[in-house]
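Understanding the architecture of this molecule
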Amino acid sequence: MDLYNLPSSLMVALTASVIPAVSASITQHNERQTARIVRSSFRVTALLAFPMGLGLWSLSGPIFRLFYPRYDGALGGQLLSVLGIASIFVCLMLITNSILQSYGRVNIPIVTMLIGGVVKIVLNYNLTAVPDINIHGAPIGTLVCFSLTAILNLIAVSRVASFRLNYPGYFLRPLLASLVMALSARGVYALCAHFLLTEESGRMMMLLCVGAAIAVAVIVYAALVLALRIVTRDDLALLPKGEKLACILRVR
């Protein structure tokens, strides 16, 4: 659960900056500025959430064995892989909650979260009781809960906003880049494990293999972000030190 909560914890800075920015532009009746901030917030969320979630999915087994060597690595990796996908929807839920709160629609996130929570309780109760599913039912319930909540929130935002929102335009390119990154990381780890890891290998060798996979993933993802022009300078401005990052990456 600590690893699963990591992506959403990194979203705090973004969600904290979105609420006052959107609220101010709405108060000033500046629809163009509101649309720019909301669209940028979705692009930045996709930029951060997709690679983090798919990264956990692709390296779930190695990461789990690295941090929790005393536990069942095969089982823990399977559970973490599902939670990695779920963390993407948690991030989407957080940013849509912030946008809805900026519009003064504070009740909508409560209702959608209650709906998702009820679904999770029902799924957890029924799936974990099935012997062939057992503990796997818990992360499945989490995934369905937050994916449903995020989708309901996205629908609500599209209805509340007075401008057009193009969700495929915000999410498809980051998703493609993240998938390529995840597969690259998995391939590099498999290659390193084949040549370097044995049953007697210690944690340092495991750390070397995981570190190599993550390093390649970062390079591949950064290259794809720039090549596909996933974000703009305005998008990065929502992040702490975003202007400096935009200058380093030469993003316009």
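An account of the accompanying structure is given in this report. (Residues numbered from 1 in each chain as written. Predicted model: local features only at pLDDT ≥ 70, side-chain atom pairs only at ≥ 80, totals over all residues. Heavy atoms only, no water.)

A look at the nonpolar core
Ranked by internal contacts, the top residues of the largest apolar core, which has 58 residues, are Phe42, Leu165, Tyr167, Phe171 and Tyr189. Taken together, the elements giving at least two residues each to this core come down to α2 (12-27), α3 (31-58), α4 (60-67), α5 (73-102), α7 (137-160), α8 (167-196) and α9 (203-228). The greatest single-element share of this core, amounting to 11 residues, is contributed by α3. The next biggest cluster of nonpolar side chains, apart from the first, holds seven residues, and it includes Leu83, Val90, Met93 and Cys145. (Core = buried A, V, L, I, M, F, W, Y, C linked by side-chain atoms within 4.5 Å. Buried < 20%, exposed > 50% of the residue type's maximum accessible area, 1.4 Å probe, protein only. Helix = DSSP H or I, 4+ residues; strand = E, 2+ residues; numbered from the N terminus.)

Some points on the environment of Val22
By the secondary structure assignment, Val22 is in helix α2. Residue classification places Val22 among the buried residues on the basis of a relative accessible area of 0%. Between the alpha carbons of Val22 and Ile37 there is a distance of 6.6 Å; along the sequence they are 15 residues apart. Setting aside its immediate chain neighbours within four residues, Val22 contacts Thr34, Ile37, Val38, Ser102 and Tyr103. (Contact = heavy atoms within 4.5 Å.)

A look at the side chain of Thr45
Locating Thr45 in the fold gives a position in helix α3. A polar atom in the side chain of Thr45 sits 2.7 Å from the backbone oxygen of Ser41. What Thr45 contacts, discounting residues up to four positions off in sequence, is Met11, Leu14, Phe50, Cys91, Leu92 and Ile95. (Polar contact = N/O pair within 3.5 Å; in protein donor to acceptor, adjacent residues only side chain to side chain.)

Description of helix α6 (residues 107-127)
With 21 residues, α6 should cover 30 Å at 1.5 Å per step; its first-to-last C-alpha distance of 30 Å lies within 8% of that length. Within the span of α6, buried status applies to Pro109, Thr112, Gly116, Asn124 and Leu127. The buried residues of α6 occupy an angular sector of 105° when the element is viewed end-on, so they sit on one face. Seen from the buried face of α6, the exposed residues on the opposite side, beyond 90 degrees, are Asn107, Ile110, Leu114, Val118, Ile121 and Tyr125. (Expected span 1.5 Å × (residues − 1). Arc of directions from axis to C-beta.)

Observations concerning the packing of α8 against α9
Closest axis-to-axis distance for the α8/α9 pair is 8 Å, and the angle between their directions is 155°. Comparing their axes, α9 and α8 come out roughly antiparallel. For the element pair α8 and α9, the recorded crossing hand is right-handed. Its residues placed into classes, the contact of α8 with α9 shows 23 nonpolar, two polar and one charged. (Axes fitted to C-alpha atoms, helices over the stretch in contact; angles between N-to-C directions. Parallel < 35°, antiparallel > 145°, perpendicular 65-115°, else oblique. Left-handed = near helix turned anticlockwise from the far one by under 90°. Nonpolar A, V, L, I, M, F, W, Y, C, P; charged D, E, K, R; others polar.)

So, unusual backbone geometry
Not every positive phi belongs to a glycine, and His29 is a case in point at roughly 55°. Summarising the element assignment, His29 is placed in the loop between α2 and α3. Under the relative-accessibility criterion, His29 is labelled exposed at 73%.

Let's talk about the packing of aromatic side chains
Throughout the structure, instances matching the rule amount to nine aromatic pairs. Summarising the aromatic geometry, the rings of Phe42 and Tyr170 are spaced 6.0 Å apart at their centres and angled 10° between planes, so their arrangement reads as stacked. Of the two residues, Phe42 is situated in helix α3 and Tyr170 in helix α8; the sequence distance between them amounts to 128 residues. For Tyr170, a relative accessible area of 6% puts it in the buried group. (Phe/Tyr/Trp six-rings, centres within 6.5 Å; stacked < 30°, edge-to-face > 60°.)

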